[in-house]
Structures are given as structure tokens and as C-alpha cells.
Amino acid sequence: MSVRAIARALVPAAVVFLAVGCLLSFTYFHDNKYAAPPPYGDDGSIALSDDDVARPVPLVDGWLVSVDGSAPIETFIGQYSNFSYLPNGTSAFGSATYRLDVRYEGSRAERALVILLPEVFTDYTLYANGISVASDKTGPETALIVGEHTELVLEVRNQSHYYSGLVYPPPYRFGAGYRTG
């Protein structure tokens, strides 16, 4: 086989290899959870901005949890596989209350927020500013309006589930097409 024939065979392969490399590089830099980390909460509060609008982000950090009426401690949902791993916890089962103050600090006065609650507890109810917005009986997805102060309270009861892995946090995303003012 001549050198010219080998070059003609290698050029298309090199073009395909280069195109695949460019595609993988593009997806790595533009769809990478490490390049755009979730907003981090602290001490029962989290701030969301306009940068968080375009992608679903889990509400992981900043939650205050109280198990069976104990004093609230800061945690992130997903830190413990069940209630026995919380400080002073003795049982994988029981009830808990998670609290998080969500603030929207963006270009509008308020935004629509869609929350997907994974079905990991026996019973759960999500409250927004004291109003029940979702439960295990209504389905895992709910929408609500978030402004400069929205208190989320997730009351859960775990009677029969034991998860060997981590508990998934409730992811949110801003509702598409919602406009205020």
C-alpha cells in the first residue's frame, strides 16, 4: 500500500477523532456539575439567583433538621442514609422536620419554583410559608412562588423504609415562562 493511500485512509479517521474530541470537550465544559455547583445554604437559609434559573439544582445544603422533636441541627439532605446516623440517633425510623428559608435574589420580585420531592419517606408533607403544597398523597412534584423570603418545611415520617444509600435531596428548577411585574 502506498503512502498516499495510507494518508487518504488516516485523514478521515483523524477528522472523526478530532470531532469527537471537540464534542466531548464542549459537553464537559458546558454541562458539568463541577463547573456550575449548586448554591450552598447555611444555617437554615439559601439564596437563589438568576444564574440558577437555567438548570435543575438540588436543594442540598443549609437545612435545619429536628428528629422526633430534638433540637434542630444543620445538615444537608443526603448526609445520612436514615435517622439513626444523626447525632444522638438510635433508630432508623421516626419523624423529622427539615426547615429551609429560600430567598430569591434576582432581577425580578419573585419567580416560580418547581420542586421534585423524591419518594424516600413513608409519609411527607412540604409546606411553603405554612401552606401545604405537596405530600406523598399528591405526588412528588409541586410548584410555588419564591420571593425574598419563603420558608420551606418538610415534615417526614419514616416507618418502614431503610435506605442503604443516601437520601436524595429535593431538586428544584425555576418554572419556564413565568413573568412578574
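Predicted model only: the values in this text are computed from it and were never measured.

## Some words on the side chain of S45
With respect to the helices and strands, the residue S45 is situated in strand β1 (residues 45-48). Of the polar contacts made by the side chain of S45, one reaches the side chain of R103; its length is 2.4 Å. Residue contacts for S45: discarding those within four places in its chain leaves G62, L100, D101 and R103.

## Considering the pattern of salt bridges
If you walk through the whole model with that rule in mind, you get five salt bridges. In this structure, R103 engages E105 in a salt bridge whose closest nitrogen and oxygen atoms are separated by 3.2 Å. Among the ionic pairs, D136 bridges to K137, the shortest N-O distance being 3.1 Å. What makes D136 partly exposed here is its relative accessible area of 28%. For K137, a relative accessible area of 67% translates into the label exposed. Among the charged side chains, a network of salt bridges with common partners joins D123, D136, K137 and R157.

## Observations regarding the environment of R157
Take R157: it is sitting in strand β10 (residues 150-158). Between the C-alpha atom of R157 and that of T97, which follows or precedes it by 60 residues, the distance is 8.8 Å.

## Details of the environment of S49
Positionally, S49 belongs in the loop between β1 and β2 (57-58). Relative accessible area serves as the criterion here: at 24%, S49 is assigned to the partly exposed category. Along the primary structure S49 and S107 are separated by 58 residues, whereas in three dimensions their C-alpha atoms are 8.3 Å apart.

## Considering the environment of E151
Tracing the backbone shows E151 in strand β10. Considered as a pair, E151 and L100 are 51 residues apart in the sequence and their alpha carbons are 5.9 Å apart. Those residues in contact with E151, other than ones at most four positions away along the chain, are R99, L100, D101, Y127, A128 and N129.

## Here we look at the packing of aromatic side chains
How two aromatic rings sit relative to each other is given by the distance of their centres and the angle of their planes. Here the structure, examined in full by the defined rule, presents one aromatic pair. Between W63 and Y98, the ring centres sit 6.1 Å apart and the planes meet at 90°, which makes this aromatic pair edge-to-face. In this pair, W63 is assigned in strand β3 (residues 63-67) and Y98 in strand β5 (residues 94-104), connecting sequence segments 35 residues apart. For the pair W63 and Y98, one class covers both residues: buried.

## Side note on the nonpolar core
Ranked by internal contacts, the top residues of the largest apolar core, which has 25 residues, are Y98, L152 and L154. Counting only elements with at least two residues in this core, the list comes to β1, β3, β5, β6 (111-116), β7 (123-128), β9 (141-146) and β10. It is β5 that contributes the most residues to this core, five residues altogether.

## What to know about unusual backbone geometry
Of note, the phi angle at D43 is positive, near 55°, even though the residue is not glycine. Given the relative accessible area of 54%, D43 is considered exposed. One non-glycine residue with positive phi stands out, namely N129, at about 50°. Position of N129 relative to the elements: it lies in the loop between β7 and β8 (131-135). Classification of N129 by relative accessible area gives partly exposed; the value is 44%.

## Some points on a nonpolar patch on the surface
Taken together, the side chains of M1, I6 and L10 present a nonpolar region at the surface, about 370 Å² in accessible area. Inspection of the secondary structure assignment puts M1 in the segment before α1 (3-30).

## What about the confidence of the model for the protein chain?
Averaged over the protein chain, the pLDDT score is 77; the fraction of residues at 70 or greater is 73%. Within the protein chain, the lowest mean pLDDT, 55, falls on strand β11 (residues 171-174), and the highest, 89, falls on β8. Between residues 164-168, whose pLDDT stays under 50, and residues either more than four places distant or in other chains, the model counts 13 contacts. Contacts for the low-pLDDT stretch residues 176-181, under 50 throughout, to residues beyond four places or in other chains number nine contacts.

So, how was this worked out
Residues numbered from 1 in each chain as written. Predicted model: local features only at pLDDT ≥ 70, side-chain atom pairs only at ≥ 80, totals over all residues. Heavy atoms only, no water. Helix = DSSP H or I, 4+ residues; strand = E, 2+ residues; numbered from the N terminus. Polar contact = N/O pair within 3.5 Å; in protein donor to acceptor, adjacent residues only side chain to side chain. Contact = heavy atoms within 4.5 Å. Salt bridge = Lys/Arg side-chain N within 4 Å of Asp/Glu carboxyl O. Buried < 20%, exposed > 50% of the residue type's maximum accessible area, 1.4 Å probe, protein only. Phe/Tyr/Trp six-rings, centres within 6.5 Å; stacked < 30°, edge-to-face > 60°. Core = buried A, V, L, I, M, F, W, Y, C linked by side-chain atoms within 4.5 Å. Patch = residues over 30% accessible without salt bridge, like charges linked within 9 Å, V, L, I, M, F, W, Y side chains within 5 Å. Areas by Shrake-Rupley, 256 points an atom, 1.4 Å probe, with all protein chains shown as cover. pLDDT = per-residue confidence, 0-100.

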